[in-house]
Every structure is written in structure tokens, then in C-alpha cells.
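Structural features, examined
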Amino acid sequence: ELRTPLTVINGFLEINAMQPDLDASPRAAHIQLMVEQGERMQRLVEDMLTLSRLESTELHMRSERIDMYFMLQHIMEEAKALSKNRHEFVLDFEGPNIKGSADDIRSAISNLVTNAVRYTPENGKINLIWKVNAIGPILTVQDNGIGISQEHIARLTERFYRVDKSRSRETQGTGLGLAIVKHVLIRHNAQLEIESTPNVGSQFIIQFQSDVIV
Ligand code: ADP
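These figures come from a predicted structure and were not determined experimentally.

**Quick word on the nonpolar core**
Inside soluble globular proteins, nonpolar side chains tend to come together where they are buried. Ranked by size, the top nonpolar core spans 43 residues in total, and within it Leu72, Ile109, Leu128, Leu139, Ile206 and Phe208 carry the most contacts. Going through the elements one at a time, helix H2 (24–55), helix H3 (68–83), strand S2 (88–93), helix H4 (102–118), strand S4 (125–132), strand S5 (137–143), helix H7 (177–187) and strand S7 (201–207) are the ones with two or more residues in this core. Of all the elements, H4 adds the most residues to this core, at eight residues. In this structure leucine 72 touches Leu91, Phe93, Ile109, Leu128, Trp130 and Leu139, once residues within four positions along its chain are discounted.

**Here we look at the layout of surface pockets**
Roughly 1100 Å³ of internal volume is contained in the largest pocket. Thr114, Asn115, Arg118, Tyr119 and Gly173 are the residues nearest the centre of the largest pocket, which is lined by 43 residues in total. Among the secondary structure elements, those contributing two or more residues to the lining of the largest pocket are H2, H4, helix H6 (165–170), H7 and S7. Take the lining of the largest pocket: its biggest share by element is eight residues, from H4. Residue composition of the lining of the largest pocket, grouped by class: 15 nonpolar, 16 polar and 12 charged. A volume near 150 Å³ is recorded for the second largest pocket.

**Quick look at the packing of H2 against H7**
Pairs of packed helices are described in terms of their axes, by the angle between the two and the distance that separates them. It is at 10 Å that the axes of H2 and H7 come closest, and there the two elements cross at 25 degrees. Taken together, the axes of H2 and H7 are roughly parallel relative to one another. The handedness of the crossing between H2 and H7 comes out as left-handed. Contacts between H2 and H7 pair Asp47, Thr50, Leu51, Arg53, Leu54 and Glu55 from the former with Ala179, Ile180, His183, Val184 and Arg187 from the latter.

**Section: the site of the ligand**
Surveying the vicinity of the ligand reveals 20 residues, the closest of which are Tyr119, Asp143, Ser168, Gly175 and Leu178. In this structure, valine 163 approaches the ligand through a main-chain N or O atom, which is 3.3 Å from an oxygen atom. For the ligand, an oxygen atom lies 2.5 Å from a polar atom in the side chain of serine 168. Compared with its free state, where it exposes 530 Å², the ligand has 98% of that area covered by protein. When each cavity is represented as a set of grid points, the ligand is found to reside in the largest pocket. Looking at the shell around the ligand, the elements that each hand over two or more residues are H4, H7 and S7. Ranked by the residues each element gives to the shell around the ligand, the list is headed by H4, at three residues. Among the residues making up the shell around the ligand, the classes are represented as nine nonpolar, eight polar and three charged.

**A short note on the environment of methionine 71**
Along the chain, the position of methionine 71 falls in helix H3. For methionine 71, a relative accessible area of 4% translates into the label buried. Expressed as a C-alpha distance, the spacing of methionine 71 and glutamate 1, which sit 70 residues apart in the sequence, is 32 Å. Filtering out sequence-adjacent residues up to four positions away, methionine 71 remains in contact with Ile66, Ala102, Ile105, Arg106 and Ile109.

Reading guide: rules and limits
- Residues numbered from 1 in each chain as written.
- Predicted model: local features only at pLDDT ≥ 70, side-chain atom pairs only at ≥ 80, totals over all residues.
- Heavy atoms only, no water.
- Core = buried A, V, L, I, M, F, W, Y, C linked by side-chain atoms within 4.5 Å.
- Buried < 20%, exposed > 50% of the residue type's maximum accessible area, 1.4 Å probe, protein only.
- Helix = DSSP H or I, 4+ residues; strand = E, 2+ residues; numbered from the N terminus.
- Contact = heavy atoms within 4.5 Å.
- 1 Å grid on protein atoms, 1.4 Å probe; cavity = no way out; pocket = protein on both sides within 12 Å on 5 of 7 lines; lining within 4 Å.
- Points joined across faces, edges and corners; volume = space filled by probe spheres on them.
- Nonpolar A, V, L, I, M, F, W, Y, C, P; charged D, E, K, R; others polar.
- Axes fitted to C-alpha atoms, helices over the stretch in contact; angles between N-to-C directions.
- Parallel < 35°, antiparallel > 145°, perpendicular 65-115°, else oblique.
- Left-handed = near helix turned anticlockwise from the far one by under 90°.
- Near = heavy atom within 4 Å.
- Polar contact = N/O pair within 3.5 Å; in protein donor to acceptor, adjacent residues only side chain to side chain.
- Areas by Shrake-Rupley, 256 points an atom, 1.4 Å probe, with all protein chains shown as cover.
- Sits in = over half its atoms within 2 Å of the grid points.

Here is the structure:
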């Protein structure tokens, strides 16, 4: 995954080193492609570091009180900025505050909401629902986007597993988002459930246990 962008960058650097008199226009195009690939490598390295930190078992998990309304509002505002007004957002908030690692929980939920934006065409609707059921608090991220066919669902949290590689690249995906979500949830004793229908939409559901309620 890191080798491909690096090969592109090195390839263009070599061309430019060998042809110092290259016209401004192809040179600018090469620089643009190198910038894109550099950014891609940066996202990959950041996600890989996050994942390896989550996997290191010695690490003590922080447990702090999380203001869920504040967090979900903030995540939704960020998602709106990413969407650039192309989607409609609704926050349905009825659940309690919880305890856990605020940074990790924010990163997990934010990954799901970002995915909902990236895999939902213009004018789509994204719902963020925070409730509590008999087991504990439950978060649902719902979209009416492109959906996922059944045979892929069990494998989505594997690192670098993508249903459509080009779509993931196009929307700046690293293929590590759901692997990060899975690890954050393991550390919080929560479960991820995925329900989806192609061309109808997807629901990503996080079920927490009741002992996280504060
Ligand atoms: P990526 O960076 O490729 O989005 P993720 O780990 O976040 O990686 O997701 C893995 C794959 O799951 C994606 O490539 C995409 O095919 C699929 N996926 C995730 N979320 C959604 C969604 N809300 N709607 C449709 N497909 C999704």
C-alpha cells in the first residue's frame, strides 16, 4: 500500500531530474500528482500508527467521561464540512453519556460518519442515532448510499479490504478505517454490526454494554 504512492513519487522525481528543461505545464502536473501521492502516504502512515497503537496490549486504556452530545455534534459538523452541503444530516439524540477513551471513540464514530458521506451520492441522507437498549447504549450511523453486497460484509473490518478499490481511492480512503473502528470497539467491549443493501444504503451499529454508562 505504501509502495505504490512511493513508486509514483520516485518515478516523477526521476523524470524531472533527467529532464531539467521540462515545460512548466507538465512539470506542474507532475508536482500535483506527487502532492496527491504524498498526502496519500501521510494518511496511510497515520492510520497505520493509530492501528498499531490500538493493538499494543500493554497500553493502558484511558477511561474518561464523554459528553456524547458534544462529541456527536462535533463529528456531525465535521461531516457537514466534508459533505460540502451535498447531504442532509440528522442527529437523533436520546442516549446517556459514557466512559471510555474519548479520542478513540471519537475516531471510531468519525470514521463511520465519514464513510457514510464518502459512500453516499449527492442529496443522500445521513442519520446519527444515539439511544439505549436492554444491552446498553447503541449508536447507529445510517445512510442511503451505494450500499454493500452481502458477500463483502463479513470482511469489511479487515485491513485494506475494499469493495471497490477505485472508489475508495477516489474518496481518499486508506482501507484502514473500519479496522480502526473494530479495534477501538474491542477495547471498549462493544460490538459492531453492519447491515446493508446495495443501492439502498447501510447501517453501522455500535452496541456498547450498560457498564459504560456514567
Ligand atoms: P476505506 O478507506 O476504503 O473507506 P474502510 O475500512 O473505512 O476503508 O471501509 C472498508 C470498505 O467498506 C470501503 O472500501 C467500502 O467499500 C466499504 N464501506 C464502508 N462504509 C461504507 C458505507 N457507508 N457505504 C458503502 N460502503 C462502505
